[in-house]
Amino acid sequence: MYDPVQLRTFLTVAQTLSFTQAAGRLGVRQSTVSQHVRRLEEATGRPLFLRDTHSVELTEDGEALLGFARTILEAHERAAAYFTGTRLRGRLRFGASEDFVLTRLPEILEGFRHEHPEVDLELSVELSGTLHERLDAGRLDLVLAKRRGPGDERGRLVWRDRMVWIGAEGLRVDPDRPVPLIVFPPPGITRARALEVLERDGREWRIACTSGSLSGLIAAARAGLGVMAHTRGLIPPGLARVPGLPDLGSVEFALLRGERVSAPAEALAAAILSGADRLSRAG
């Protein structure tokens, strides 16, 4: 009933929330993306996206189709791998930002290991800034991390979201006192964004807590020590958005390849891109 090509286009639009970005990732025209979505909506008999000139959002039926589309495409990929008889081998050094520890990235990696048991996968979980540095130094083959900021178009866009200020439920920041910040150490990208935004807005700040681990930052935030910049779609339990602070803008997560392009890296990149909607949901 459902064309896999159209389903892949649908997933890509759902991940980027942009017909233009989806066309760029898939290497097709925007009109082709619109046509695929329209035909899929005709096949389901339901609208899958709410869209206007400024935004694209999934409808309730679009949310429901995400899981079905992913399952269908995974079945196609397993069948293709079985009948082509290709078996990947080698070592793959993969780095992932700590933002993805709380998502369903482990499920994607588990599926990859199941499909390619002869690939020796080495996983590094670091700050996005550190991963960029290690990739540039040739110490990683594939990285899933935040882009460094506006104007950075390296890699393939996986997921875009807003950044927000979060803290303990009910926490309010006194406008007459420095903003207490909970941050990663340098070269944390969210740290740099938080400081830049506050300084541009003329707000005083102080570092209330620094931790190299996301769990440490979350614990400090739950204890009410201050506020932290975080991706809107992945707010941890026990924390909530904190009002009254300047807008942090959006954040983009991308897949970046090293100079040595390998078949295992390409296979894992394809698995992450096809399952990117899992990365915007808590595990």
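Residues numbered from 1 in each chain as written. Predicted model: local features only at pLDDT ≥ 70, side-chain atom pairs only at ≥ 80, totals over all residues. Heavy atoms only, no water.

Colleague: Lay out the overall build of the protein chain in plain terms, naming residues and giving numbers.
Modeller: Helices and strands together make up the secondary structure of the protein chain, namely 9 helices and 11 strands. In terms of C-alpha radius of gyration, the protein chain reaches 20 Å, essentially the compact-globule figure of 19 Å for 283 residues. Nonlocal contacts in the protein chain, meaning residues at least 24 apart in sequence, comprise 75% of its contacts between residues at least 6 apart. Accessible surface, the protein chain: about 14100 Å² in total, of which carbon and sulfur atoms supply 50%. (Helix = DSSP H or I, 4+ residues; strand = E, 2+ residues; numbered from the N terminus. Rg over C-alpha atoms; globule rule 2.2 N^0.38 Å. Contact = heavy atoms within 4.5 Å. Areas by Shrake-Rupley, 256 points an atom, 1.4 Å probe, with all protein chains shown as cover.)

Colleague: I'd like to hear about a nonpolar patch on the surface, residue by residue, with values.
Modeller: A cluster of nonpolar side chains, contributed by V101, L102, L123 and V125, occupies part of the molecular surface with about 310 Å² of accessible area. The class of L102 is partly exposed, set by a relative accessible area of 36%. (Patch = residues over 30% accessible without salt bridge, like charges linked within 9 Å, V, L, I, M, F, W, Y side chains within 5 Å. Salt bridge = Lys/Arg side-chain N within 4 Å of Asp/Glu carboxyl O. Buried < 20%, exposed > 50% of the residue type's maximum accessible area, 1.4 Å probe, protein only.)

Colleague: If you had to explain the pattern of salt bridges to someone new, which residues and values would you point to?
Modeller: Side chains carrying opposite charge are able to pair once their charged atoms draw close together. A full pass over the atoms with the stated rule returns 15 salt bridges. With its nearest N and O atoms 2.6 Å apart, the salt bridge here joins E118 to R89. One end of the pair, E118, is in the loop between α5 (105–115) and β4 (119–126); the other, R89, is in the loop between α4 (60–84) and β3 (90–97), and 29 residues separate them in sequence. R89 gets classed as exposed once you look at its relative accessible area, which sits at 54%. Note that E126 is salt-bridged to R134, the shortest N-O span being 3.7 Å.

Colleague: Now, about the side chain of T231: what can you tell me, with residues and values included?
Modeller: Structurally, T231 can be placed in strand β9 (residues 228–231). Sequence-distant contacts of T231, defined by excluding residues within four places in its chain, comprise D99, W159, D161, R162, V251 and F253.

Colleague: Summarise the environment of F112; cite the residues concerned and give the values.
Modeller: Looking at the secondary structure, you find F112 in helix α5. Residue classification places F112 among the buried residues on the basis of a relative accessible area of 2%. In this structure the C-alpha to C-alpha distance between F112 and L268, which are 156 residues apart in sequence, comes to 6.7 Å. Ignoring sequence-local partners within four residues, the contact set of F112 consists of L92, V119, L121, P264, A267 and L268.

Colleague: Tell me about the pairing of strand β8 (residues 205–210), and name the residues and values.
Modeller: Alignment of strand β7 (residues 179–183) against β8, held across 5 bridges, turns out to be parallel. Note on β8: the bridge partner recorded for P180 is R206. After leaving β7, the chain enters helix α7 (residues 189–201) and then returns to the sheet as β8, a path that is right-handed. (Pairing = 2+ DSSP bridges. Right-handed = clockwise from strand over helix to strand, strands pointing away.)

Colleague: Describe the side chain of S211, naming the residues involved and giving the relevant values.
Modeller: Structurally, S211 is set in the loop between β8 and α8 (214–222). At 3.2 Å, the side chain of S211 and the backbone nitrogen of S213 are in polar contact. Excluding its chain neighbours within four sequence positions, the residues that come into contact with S211 are V183, F184, P185, G216 and L217. (Polar contact = N/O pair within 3.5 Å; in protein donor to acceptor, adjacent residues only side chain to side chain.)

Colleague: Give me the lowdown on unusual backbone geometry, citing residues and values where you can.
Modeller: P187 follows P186 through a cis peptide bond whose omega is 5 degrees. As for its position among the elements, P187 is in the loop between β7 and α7. Notably, L17 is not glycine yet its phi reads approximately 50 degrees, a positive angle. Turning to its location among the elements, L17 is positioned in the loop between α1 (4–16) and α2 (19–26). Judged by its relative accessible area of 33%, L17 is partly exposed.

Colleague: Explain α2 residue by residue, including any values.
Modeller: Residues F19, A22, A23 and R25 constitute the buried set of α2. All buried residues of α2 lie within an arc of 165 degrees about the axis, which places them on one face of the element. If you follow the buried residues of α2, they end up packed against α1, α3 (30–44), β1 (49–51), β2 (56–58), β6 (156–168) and α9 (263–274). The N-capping residue of α2, defined by a side-chain oxygen 3.3 Å from the backbone nitrogen of T20, is S18. Downstream of α2 by one or two residues, G27 has phi in the positive range, about 75 degrees. (Arc of directions from axis to C-beta.)

None of this, on its own, says anything about what the molecule does.
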